[in-house]
Amino acid sequence: SAAEKGGWSSFMAKEVAEEPEAVANTMRGRVQDGQIVIPELDGMDELFAGVSRIVIVAAGTAAYAGLVGKYAIEQWTRIPVEVELAHEFRYRDPIVGPDTLVISISQSGETMDTLMAVKEAARLGAKTLSICNTQGATIPRESDAIVYTHAGPEVAVASTKAFVAQITALYLFALHVARIRGTLSPETQAEQIAELSALPAKIQWVLDNEQERIEQFAHWMADTRSVLFLGRHVGYPIALEGALKLKELSYIHAEGFAAGELKHGPIALIEPGQPVFVIVPSPSDSPVLHSKVVSNIQEIRARGARVIAIAETGDAAVLPHADEVLRVPLAAPLFAPILAVVPLHIFAMGLANAKGLDVDQPRNLAKSVTVE
Ligand code: G6P
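In this text the structure is predicted, and so the values were computed from the model without any measurement.

Scanning the chain from N- to C-terminus turns up 12 helices and 12 strands. For 372 residues, the compact-globule formula gives about 21 Å, and the C-alpha radius of gyration of the chain, at 20 Å, lands near that figure. Along the longest, intermediate and shortest principal axes, the C-alpha atoms of the chain span 55 × 45 × 40 Å. With 372 residues in all, the chain has 52% of them scored as buried. The long-range fraction of contacts in the chain, counting pairs at least 24 apart against all pairs at least 6 apart in sequence, stands at 74%.

Attention now moves to the site of the ligand. In the region of the ligand, 15 residues are neighbours, and Gly60, Ser106, Gln107, Ser108 and Thr111 sit closest. Considered class by class, the residues forming the shell around the ligand number 6 nonpolar, 9 polar and no charged.

Our next topic: the sheet that holds strand 6 (residues 127-132). Strand order in the open sheet formed by 5 strands is 4-3-5-6-7, and the pairing between neighbours is parallel. Edge positions in the sheet fall to strand 4 (81-85) and strand 7 (145-148), since each has one partner strand and no second. Sheet twist, expressed as the average angle between the axes of neighbouring strands with direction ignored, equals 20 degrees. Contacts between helix 4 (residues 61-77) and the sheet are confined to strand 3 (53-58), strand 4 and strand 5 (100-106), with strand 4 contributing the most and set at about 175 degrees to the helix. Packed on one face of the sheet, helix 8 (residues 161-181) meets strand 5, strand 6 and strand 7 and runs near 140 degrees to strand 6.

Next up on the list: the sheet that holds strand 12 (residues 324-328). Pairing is parallel across the open sheet formed by 5 strands, whose spatial order is 9-8-10-11-12. Since the sheet does not close on itself, it has two edges, and those belong to strand 9 (253-258) and strand 12, each with one partner. Going across the sheet, the axis of each strand differs from the next one's by a mean of 20 degrees, ignoring polarity. Where strand 11 (residues 306-312) meets strand 12, 5 bridges bridge the pair, whose relative direction is parallel. Within strand 12, the residue paired with Ala311 across the bridge is Arg327. In the packing of helix 10 (residues 235-250) onto the sheet, contacts are made with strand 8 (226-231), strand 9 and strand 10 (275-279), and the angle to strand 9 comes to roughly 175 degrees.

Attention now moves to the packing of helix 10 against helix 12 (residues 336-354). For the pair helix 10 and helix 12, interaxial distance at closest approach is 9 Å and the crossing angle is 15 degrees. Judged on the interaxial angle alone, helix 12 and helix 10 are roughly parallel. Read as a crossing pair, helix 10 and helix 12 show a hand that is right-handed. Note on element contacts: helix 12 touches helix 10 through Pro337, Ala340, Val341, Leu344, His345, Ala348, Met349, Leu351 and Ala352, opposite Gly235, Ile238, Glu241, Gly242, Lys245, Leu246, Leu249 and Ser250.

Here we come to the pairing of strand 10. The buried fraction of strand 10 amounts to 4 of the 5 residues, a majority that puts the element mostly inside the structure. Here 3 bridges tie strand 8 to strand 10, and the two strands are oriented parallel to one another. Across the sheet, Leu228 pairs through a bridge with Val276, a residue of strand 10. Between the parallel elements strand 10 and strand 11, the chain passes through helix 11 (residues 287-301) in a crossover that is right-handed.

Take the nonpolar core next. Nonpolar side chains tend to gather and get buried jointly when the protein is soluble and globular. With 126 residues, the main nonpolar core has Leu170, Ala174 and Val278 as its most contacted residues. The residues contacting Ala174, other than those within four sequence positions of it, are Ala72, Ile73, Trp76 and Thr77.

One non-glycine residue, Asp93, lies in positive phi territory at about 50 degrees. Positionally, Asp93 belongs in the loop between helix 5 (86-90) and strand 5. Given 8 C-beta atoms within a 10 Å radius, Asp93 is considered exposed. Look at Asn364: it is not a glycine, yet its phi comes out positive at around 70 degrees. Residue position: Asn364 is located in the segment after helix 12.

Moving on, we get to the environment of Ser286. Positionally, Ser286 belongs in the loop between strand 10 and helix 11. Placed 46 residues apart in sequence, Ser286 and Ala332 show a C-alpha to C-alpha distance of 8.8 Å. Excluding its chain neighbours within four sequence positions, the residues that come into contact with Ser286 are Pro281 and Pro333.

Conventions and cut-offs
- Residues numbered from 1 in each chain as written.
- Predicted model: local features only at pLDDT ≥ 70, side-chain atom pairs only at ≥ 80, totals over all residues.
- Helix = DSSP H or I, 4+ residues; strand = E, 2+ residues; numbered from the N terminus.
- Rg over C-alpha atoms; globule rule 2.2 N^0.38 Å.
- Buried ≥ 20, exposed ≤ 12 C-beta atoms within 10 Å, placed from the backbone.
- Contact = placed C-beta atoms within 7 Å.
- Near = placed C-beta within 6 Å.
- Nonpolar A, V, L, I, M, F, W, Y, C, P; charged D, E, K, R; others polar.
- Pairing = 2+ DSSP bridges.
- Axes fitted to C-alpha atoms, helices over the stretch in contact; angles between N-to-C directions.
- Parallel < 35°, antiparallel > 145°, perpendicular 65-115°, else oblique.
- Left-handed = near helix turned anticlockwise from the far one by under 90°.
- Right-handed = clockwise from strand over helix to strand, strands pointing away.
- Core = buried A, V, L, I, M, F, W, Y, C linked by C-beta atoms within 7 Å.

What follows is the structure, encoded as structure tokens:
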């Protein structure tokens, strides 16, 4: 009903607006005196100290959150991480055992594919950790440990605020394990916690300063038939998420690619007028990746692509190369994707609205898929 939407035009509009608080609420109480405190994980230090491998299982948007999490967990804890779609993991006789921690990610906690993967992991002797947004759901009940995201109820079928909350929970987990394993200096640990704490205000900045312009822009693009998304490093899973959201909400063909993969195939798709969103790494924090991405942009622009760059506010170097620049505040490299995804969520929602589609209930999709 209109009342439940709290004055918003859709649940999705409300949920995108709640992305800052989804991150803030997931962190709330879990950072104390500059330390990560996750009482739900008490008694698991020995497991985290000894585990030799982490496998993340999930489906849909949650799997992309897992892909982002992999970069941070590996960088901070040096534990090798694999991310696998739950339905693929389940039926290929996966190699996991007591030395493996299997982390499932699920907003609903009821996705059957993910539940079956968790059960299979447990049967094989792995320890299981659930990252879930729904108290008391089946997947957390079937898991050895739970870290809840506190995004609040998500009603729109396609996931938005739960995605940023899932990444937040994975980062909290990674920093917690890094402290146990002694893989980060106290200074680096403190810097990462400060970056995490700064995210809600930075996401809010994107909503306050860029949302209207992105919606206008989505309106102009309402007749577009195909959109590509490119990113590198943590920007790569964000490109996948941007494409998924556009498919789900607007029924437009969309694909995400690792920018470095362009020349190995996808560049053949570029023809004059093809819109391509490019997630641009920071020129100051990631100068090498920044210049690589700028040369990727030059390659596709030379072939007529229409480039929409998502770049940090201080990045003047990207201006001559892009047709449009959507701005996000400066953040350390591992944190930038949590900001870059916000314009993509707004864009997908804006384009679906421009086409007159129901953004909360896209055709053929269900909020939680309880069949395999
Ligand atoms: C469905 C939804 C997606 C969601 C996926 C995983 O397919 O349409 O938006 O990402 O399930 O859901 P979960 O509840 O496990 O995160």
